[in-house]
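# Structural characterization, general
This is what each chain is made of:
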Amino acid sequence: VLKNLKLIFVGILSGVVNGFFGAGAGLLLVPLMTYVGGLDSRKSHATTLACVTIMCACCSVVYFASNVIDYKLLLLCLIGSIIGALIGSKLLKDLKNSAIDLIFALALIGAGVCLFLFR
């Protein structure tokens, strides 16, 4: 029961982060699903992607209703995102958990550096 409550709290926290920043829930969910949920890296990433997809759909409804979406940028980004998602999901399926962890850690460091340098 306590583990389930922790996971519900993780979901609430990641939903707030995703709704507020428009991204970032995966950065919280992946390690928390690994440590709180007890999942290996591959299942943690895949489960996080499923959660984020649903969270993003919910947030998108609010953003569409609020008329704050740039449709030209949305279309252009979707073209690249679909290609990237297919490549990324194939890589996730084929890589070892240790490689997944290393790539994730490097991506987090890279994102942090970019936020710091280019804000």
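Up top is the structure these notes are about.
Residues numbered from 1 in each chain as written. Predicted model: local features only at pLDDT ≥ 70, side-chain atom pairs only at ≥ 80, totals over all residues. Heavy atoms only, no water.

## Points about helix α2 (residues 25-35)
Ala25, Gly26, Leu29, Val30 and Met33 are the residues of α2 that are buried. Each buried residue of α2 sits inside an arc of 120° when the element is viewed along its axis, so together they form one side. Tucked inside the fold, the buried residues of α2 contact α1 (2-21), α3 (41-65) and α5 (97-117). (Buried < 20%, exposed > 50% of the residue type's maximum accessible area, 1.4 Å probe, protein only. Helix = DSSP H or I, 4+ residues; strand = E, 2+ residues; numbered from the N terminus. Arc of directions from axis to C-beta. Contact = heavy atoms within 4.5 Å.)

## A few points about the state of the cysteines
Here the structure, examined in full by the defined rule, presents zero disulfides. The thiol sulfur of Cys77 is not disulfide-bonded, and the nearest other cysteine sulfur, from Cys56, lies at 12 Å. (Disulfide = S-S within 2.5 Å.)

## Observations concerning the layout of surface pockets
Each pocket or cavity is described by its volume, and for the largest pocket that value is around 1100 Å³. Looking at the lining of the largest pocket, the elements with two or more residues in it are α2, α3, α4 (71-94) and α5. Broken down by element, the residue count for the lining of the largest pocket peaks at nine residues, all from α3. The class makeup of the residues in the lining of the largest pocket is 20 nonpolar, eleven polar and no charged. (1 Å grid on protein atoms, 1.4 Å probe; cavity = no way out; pocket = protein on both sides within 12 Å on 5 of 7 lines; lining within 4 Å. Points joined across faces, edges and corners; volume = space filled by probe spheres on them. Nonpolar A, V, L, I, M, F, W, Y, C, P; charged D, E, K, R; others polar.)

## Brief notes about the packing of α3 against α5
It is at 8 Å that the axes of α3 and α5 come closest, and there the two elements cross at 55°. Put simply, α3 runs oblique to α5. Contacts from Ser41, Arg42 and His45 in α3 reach Asn97, Ile100, Asp101 and Phe104 in α5. Counted by class, the contact of α3 with α5 contains two nonpolar, three polar and two charged residues. (Axes fitted to C-alpha atoms, helices over the stretch in contact; angles between N-to-C directions. Parallel < 35°, antiparallel > 145°, perpendicular 65-115°, else oblique.)

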